[in-house]
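Here is how the chains run, residue by residue.
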Amino acid sequence: MMIDLRSDTVTKPTPAMREAMRNAKVGDDVYGEDPTVNRLERRAAEIFGKEAALFVPTGSMGNTLGVKLHTQHGQEILCEAKSHVMNYELAMAGWFAGCLCRTVAAGNGILTWDMVCKHIKPLSPHWAPTGLISLENTHNMAGGTVTPKAVLDEICDGAHALGVPVHLDGARVFNAATALGIPVRELTAKVDTVMFCLSKGLGAPVGSMLTGTRDAMDRARLYRKRLGGGMRQAGVLAAPGLIALEEMPARLGEDHANARLLADGVAAIPGLTIEPGRTQTNIVIFDTAGTGLTGAAFAAALGERGVLCNAVSERGVRFVTHYDVSRAACEAAIGACAEAAQAAPALR
Ligand code: TLP
């Protein structure tokens, strides 16, 4: 059996999720008649303390809608340089919303008001005005780093005072809230829209949610239809989503402890480096430079030893923990790392 640390997207539905899918009450959601989707949307809104929520097939679609809702063609979106909206969504901000991303680099992925405020621009004969700030919490490619509530609140207060809305790519916002020890509704209280994924650490097979005001969600429903995302009897997907939402956040701490174990294990292996303290949640990114191997070559060497993972940069490899990898599997992965590093040309 391979140990799959490529992503928390690889989790399979739990037996309870399968059972819920089988028994789900369904209707046509384009008519607003799927009782299970309606229940999931109500619960997501309640849990996030927002007026309404919308079930979407993917996190990318949720972000696409979030960006479109807040912006006009010809505006700029401020986001972090390694953010998912910028790098992994096929330039959706340009394609669907007609906006340009203005990136601000934060080494640890955590943008602050001081960093973003100087890039906020009004309309002028030369500049595109800022239409939106899009944040990511946790920050995937910075290694699952957490933006604390006070930092997020300060950005929201500053942006709102200038009339600029804030969208949160909260694909893993339950991981952030777990690390901070506060409810998601508190962490995201000031952001205008939140996208979060049911299909990552929460383990649902498919689906993400967008939350915000009733008016915003009514408009997002139309944009979702325009993108081909009106899903009919989607209750079979919402049913495992409800289990993901209600039951899975409580166990994310385990994934964080396993990620910490991996980070400490990797840090002790000659040739591999990892910034201590960076591993706050379920993502571990380490550098393979000392082995003389590229990230891709190191990932391939791990693959030969039964561990699947992704190279995320020239020298960067990413592990993501989730409920389908046990502590014992993480220990085995550390062993595979030690072997692969030892066999590498620079260390042989
Ligand atoms: N992330 C995936 C890959 O696309 C990189 C992964 O394996 O981590 N926001 C963030 C922060 C994400 O990490 C992802 C997916 C998304 C949005 C998009 O979600 P999906 O895959 O459902 O479109």
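Reference entry: report on the structure contained in this document. This one's a predicted model, so the numbers in the text were calculated from it and none came from an experiment.

**Notes on the overall build of the protein chain**
Here is step 1 of the chain: Counting its regular elements, the protein chain contains 14 helices and 12 strands.
Here is step 2 of the chain: Computed over C-alpha atoms, the radius of gyration of the protein chain comes to 20 Å, within 12% of the 20 Å expected from 2.2 N^0.38 for 348 residues, which places it in the range of a compact globule.
Here is step 3 of the chain: Counting only C-alpha atoms and orienting by the principal axes, one finds that the protein chain spans roughly 60 × 55 × 35 Å.
Here is step 4 of the chain: When each of the 348 residues of the protein chain is scored for burial, the buried share is 55%.
Here is step 5 of the chain: Of the contacts formed within the protein chain by residues at least 6 apart in sequence, a portion of 75% connects residues at least 24 apart.

**Quick look at the site of the ligand**
Here is step 1 of the chain: The environment of the ligand is formed by 15 residues, the closest being S7, G59, S60, D169 and R172.
Here is step 2 of the chain: Side-chain polar atom of S60 to an oxygen atom of the ligand: 2.6 Å apart, as the coordinates give it.
Here is step 3 of the chain: Contact distances for the ligand include 2.9 Å between an oxygen atom and a side-chain N or O atom of R318.
Here is step 4 of the chain: Here the ligand loses 83% of its free accessible area of 510 Å² to cover by the protein chains.
Here is step 5 of the chain: A per-element tally of the shell around the ligand places helix α3 (residues 59-70) first, with 3 residues.
Here is step 6 of the chain: Of the residues belonging to the shell around the ligand, the class tally is 2 nonpolar, 7 polar and 6 charged.

**Considering the packing of aromatic side chains**
Here is step 1 of the chain: Summed over all chains, the structure comprises 7 aromatic pairs.
Here is step 2 of the chain: Taking the centre distance of 5.5 Å and the plane angle of 75° together, the rings of F174 and F196 count as edge-to-face. Here F174 is found in helix α8 (residues 173-180), whereas its partner F196 is found in strand β7 (residues 193-197), with 22 residues between them in sequence. Accessibility classification places F174 together with F196 in one group, the buried group.
Here is step 3 of the chain: In textbook terms, an aromatic cluster arises when at least three aromatic residues are bridged by ring pairs, as seen for F48, F174 and F196.
Here is step 4 of the chain: Of note, K68 hangs over the ring of F96, and the distance from its end group to the ring centre comes to 5.9 Å.

**A look at the pattern of salt bridges**
Here is step 1 of the chain: This model, assessed by the stated rule, comprises 19 salt bridges.
Here is step 2 of the chain: Note that E19 and R22 form a salt bridge whose closest N and O atoms lie 3.4 Å from each other. One end of the pair, E19, and the other, R22, are both in helix α1 (residues 15-23), 3 residues apart, so they sit about a helical turn from each other.
Here is step 3 of the chain: Take E19: its relative accessible area is 38%, and that puts it in the partly exposed class.
Here is step 4 of the chain: With its nearest N and O atoms 3.7 Å apart, the salt bridge here joins R251 to E254.
Here is step 5 of the chain: A single salt-bridge network, built from bridges that share partners, covers R43, E46 and E246.

**Overview of the sheet that holds strand β12 (residues 316-320)**
Here is step 1 of the chain: Reading across from one edge, β9-β12-β11 is the order of the 3 strands in this open sheet, with antiparallel pairing throughout. In the strand order of this sheet, the two ends are held by β9 (283-287) and β11 (310-311), each with one partner.
Here is step 2 of the chain: In terms of strand pairing, β9 meets β12 through 5 bridges, oriented antiparallel. Directly across from I285, in β12, lies its bridge partner R318.

**Focus on the nonpolar core**
Here is step 1 of the chain: If you look at the biggest cluster of nonpolar residues, it comprises 48 residues, and the most contacted ones within it are I133, F174, F196 and L198.
Here is step 2 of the chain: It is helix α2 (residues 35-48) that contributes the most residues to this core, 6 residues altogether.
Here is step 3 of the chain: Those residues in contact with F174 that sit more than four places away from it in its chain are I47, F48, V184, F196, L202, L245, P249 and L252.
Here is step 4 of the chain: Residues L272, A299, C309 and A333 belong to the second largest nonpolar core, which totals 31 residues.

**Some remarks on the pairing of β7**
Here is step 1 of the chain: Within β7, 5 of the 5 residues are buried, which leaves it mostly tucked inside the rest of the structure.
Here is step 2 of the chain: Of the two faces of β7, the one lined by T193, M195 and C197 and the one lined by V194 and F196 are each fully buried.
Here is step 3 of the chain: Two elements, strand β6 (residues 166-169) and β7, share 3 bridges in a ladder whose sense is parallel. The residue bridging L168 from the neighbouring strand is V194, located in β7.
Here is step 4 of the chain: Where β7 meets strand β8 (residues 208-212), 4 bridges bridge the pair, whose relative direction is antiparallel. Bridging across to β8, M195 finds its partner in L210.

About the criteria used
Residues numbered from 1 in each chain as written. Predicted model: local features only at pLDDT ≥ 70, side-chain atom pairs only at ≥ 80, totals over all residues. Heavy atoms only, no water. Helix = DSSP H or I, 4+ residues; strand = E, 2+ residues; numbered from the N terminus. Rg over C-alpha atoms; globule rule 2.2 N^0.38 Å. Buried < 20%, exposed > 50% of the residue type's maximum accessible area, 1.4 Å probe, protein only. Contact = heavy atoms within 4.5 Å. Near = heavy atom within 4 Å. Polar contact = N/O pair within 3.5 Å; in protein donor to acceptor, adjacent residues only side chain to side chain. Areas by Shrake-Rupley, 256 points an atom, 1.4 Å probe, with all protein chains shown as cover. Nonpolar A, V, L, I, M, F, W, Y, C, P; charged D, E, K, R; others polar. Phe/Tyr/Trp six-rings, centres within 6.5 Å; stacked < 30°, edge-to-face > 60°. Lys NZ or Arg CZ within 6 Å of the ring centre and 35° of its normal. Salt bridge = Lys/Arg side-chain N within 4 Å of Asp/Glu carboxyl O. Pairing = 2+ DSSP bridges. Core = buried A, V, L, I, M, F, W, Y, C linked by side-chain atoms within 4.5 Å.

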